[in-house]
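# Reading the structure
For reference, the chains in residue letters:
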Amino acid sequence: MMDLAFWSPGDRGSPQVEISGFAAKENPARRAILSCIRIVLLVFVVAGWGLASQGDTLFLPSDDNVVYQGRWDRTQSESAITVYPGAGFRAGFTGNHCVLRFDTAPYSDNRPPQVWLQVDNGEWQVSVVQSELRILAGNSGSEEHSLELILKSYNVARQRWTPPLEAVVIFQGISLPEGERLRPGRHPTGPRVEVLGDSITEGLIVYPNQNNANIEDVSDARESYAFRAAQEWDADLRITAFSGQGLLTGGNGGVPEVINTFDWIYKGVPRDSWQADWVLINLGTNDAYSTSRTFQGFYEYLLKSVRAAYPQALIFCLRPFNGTQSQGVENAVHAMRGQGDSAIHYVDTTGWLNPSDTTDTIHPSVEGHAKAAERLIEVLRDYHPTGITDYCFY
């Protein structure tokens, strides 16, 4: 079990051990990568603390106090399952610590995912998923605490669509000492937003990979343009994106084409009843081999599927940042609007990013994602229920 200490800024004398790099702390090259991305893991080890006490109370993932973000399979009360970086949950708890429980069987021959954790709106910390993560709230002076977890990244080469899943987070609940209570997590106050995309939207390779680091070490969904923009809106966000995926191209980890995944959480588990207010689509980069005409036809099919799923949503179709299949995207939007769907809009991203804003000429860097998020926020800033201002979309 790993213990994570979250101490308030005013604490003094709290025992802490700072480790720069958790997966390869003995590897100087990877340590340099992790230092560059400012990952610091604070571990508080208490002698004699083993597994959660027998008297602890386990609150299941189905507890109403757990507020989820992103696509999760919640069909079973004893587990909540996600394969989407950027997905997460919030909850509150009383007492000075809690234990997050996970099924780690999928990682028996695989590197576990990395997650971000935050307590009481304090500093974010990163950890690998373990069977038990004990969260120490520290001396905040409060009897109640808030917790948030976000799936940062994982090994995208492993199976993440067809069970048995390997690139996956299986949350099994929160344990609290006897007498302590789970409290409601904070609900977002902004629009319900789903972003469909590929590795760019997923936050892949946002940090330069100069030392052959593992893919999850240099990837981070919280740095993606989608996550950043959603924070501005305090959105109920769903990042639904897989690296390598396109309209005619399957993604890494055994993921099919997007037209065959949109209506599913993963194979065998249908999309739930959640409804989007806005849908943003950033696809086409992985479909460069297709003709514009063929791509347009598949894009229109996707738009019809999205409209059937979310009848009241505004749909924003982004020109892929590098311009791939931009004409097909624009033509598909024209065609759908010509058929009477005036709630579908084309967003021209020309000039938003250039190669210097990427880590490898394709994937935006942290700074590139920040630039794209700023432009996206600007485009959608003046949205209101009665219409949309004419900026760079129609």
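All of the points below concern the structure found in this document. (Residues numbered from 1 in each chain as written. Predicted model: local features only at pLDDT ≥ 70, side-chain atom pairs only at ≥ 80, totals over all residues. Heavy atoms only, no water.)

## Here we look at the packing of helix H3 (residues 225-233) against helix H6 (residues 366-380)
Between H3 and H6, whose axes approach to 8 Å, the crossing angle comes to 45 degrees. Between H3 and H6, the crossing angle belongs to the class labelled oblique. Seen from above, H3 lies across H6 with right-handed handedness. When H3 is examined against H6, the residues Tyr225, Arg228, Ala229, Glu232 and Trp233 are found in contact with a partner set consisting of Val366, His369, Ala370, Ala372, Ala373, Leu376, Ile377 and Leu380. Grouping the constituent residues of the contact of H3 with H6 by class yields 10 nonpolar, one polar and two charged. (Axes fitted to C-alpha atoms, helices over the stretch in contact; angles between N-to-C directions. Helix = DSSP H or I, 4+ residues; strand = E, 2+ residues; numbered from the N terminus. Parallel < 35°, antiparallel > 145°, perpendicular 65-115°, else oblique. Left-handed = near helix turned anticlockwise from the far one by under 90°. Contact = heavy atoms within 4.5 Å. Nonpolar A, V, L, I, M, F, W, Y, C, P; charged D, E, K, R; others polar.)

## Remarks on the packing of helix H4 (residues 292-309) against helix H5 (residues 326-338)
For the pair H4 and H5, the least separation of the axes is 8 Å and the interaxial angle reads 50 degrees. Judged on the interaxial angle alone, H5 and H4 are oblique. The crossing of H4 and H5 is right-handed. Where H4 approaches H5, its residues Ser292, Phe295, Gln296, Tyr299, Glu300, Leu303 and Lys304 are matched on the opposing element by Gln327, Gly328, Val329, Asn331, Ala332, Ala335 and Met336. The residue makeup of the contact of H4 with H5, split by class, is seven nonpolar, five polar and two charged.

## Focus: H6
For H6, built from 15 residues, the straight-helix expectation of 21 Å at 1.5 Å per residue is met to within 8% by its first-to-last C-alpha distance of 21 Å. Inspection of H6 places Val366, Gly368, His369, Ala370, Ala372, Ala373, Leu376, Ile377, Val379 and Leu380 among the buried residues, and these make up the whole buried set. Packing partners of the buried residues in H6 comprise helix H2 (199-202), H3, strand S20 (278-281), strand S21 (314-318) and strand S22 (344-347). (Expected span 1.5 Å × (residues − 1). Buried < 20%, exposed > 50% of the residue type's maximum accessible area, 1.4 Å probe, protein only.)

## Thoughts on the packing of aromatic side chains
Inspection of the entire model under this criterion finds 14 aromatic pairs. When the ring of Phe321 is compared with that of Trp352, the centres are 6.2 Å apart and the planes differ by 35 degrees; the resulting orientation is tilted. With Phe321 in the loop between S21 and H5 and Trp352 in the loop between S22 and H6, this residue pair connects regions lying 31 residues apart in the sequence. There is no split in this pair, since Phe321 and Trp352 are both buried. Within the aromatic cluster, the residues linked to one another by ring pairs are Tyr68, Trp72, Phe89, Phe102 and Phe171. (Phe/Tyr/Trp six-rings, centres within 6.5 Å; stacked < 30°, edge-to-face > 60°.)

## A word on the side chain of Gln114
Relative to the helices and strands, Gln114 resides in strand S10 (residues 114-119). Residue classification places Gln114 among the buried residues on the basis of a relative accessible area of 1%. A polar side-chain atom of Gln114 sits 2.8 Å from a polar atom in the side chain of Asp217. (Polar contact = N/O pair within 3.5 Å; in protein donor to acceptor, adjacent residues only side chain to side chain.)

## Regarding the sheet that holds S22
The five strands are arranged S17-S16-S20-S21-S22 in an open sheet whose pairing can be described as parallel. In this open sheet, the two strands that pair with only one neighbour each are strand S17 (236-241) and S22. Put simply, the sheet's adjacent strands are angled 15 degrees from each other on average, direction ignored. Across four bridges, the pairing between S20 and S21 is parallel. Note on S21: the bridge partner recorded for Trp278 is Leu314. (Pairing = 2+ DSSP bridges.)

## Some remarks on the pattern of salt bridges
Under the definition given, this model contains 17 salt bridges. Across the pair Arg101 and Glu132 runs a salt bridge whose closest N-O atoms are separated by 2.8 Å. Of this pair, Arg101 sits in strand S9 (residues 97-102) while Glu132 sits in strand S12 (residues 132-136), and the two are 31 residues apart along the sequence. Arg101 sits in the partly exposed class, given a relative accessible area of 22%. Residues Arg271 and Asp263 are paired through a salt bridge, measuring 3.1 Å at the closest nitrogen-oxygen approach. What you see here is one network of salt bridges that share partners, running through Asp109, Arg158 and Glu166. (Salt bridge = Lys/Arg side-chain N within 4 Å of Asp/Glu carboxyl O.)

## Overview of H3
All buried positions along H3 are accounted for by Tyr225, Ala226, Phe227, Ala229, Ala230 and Trp233. Note on H3: the residue one or two positions beyond its end, Asp234, has a positive phi of about 50 degrees.

## What about the pairing of strand S13 (residues 144-153)?
With eight of its 10 residues buried, S13 lies for the most part within the structure. Examined bridge by bridge, strand S8 (residues 88-94) and S13 share seven bridges and lie antiparallel to one another. Each bridged residue has a counterpart across the sheet, and for Arg90 the counterpart in S13 is Glu148. Relative to S13, S10 is paired through six bridges, and the arrangement is antiparallel. Residue pairing for S13: Val119 is matched across the bridge by Leu147.

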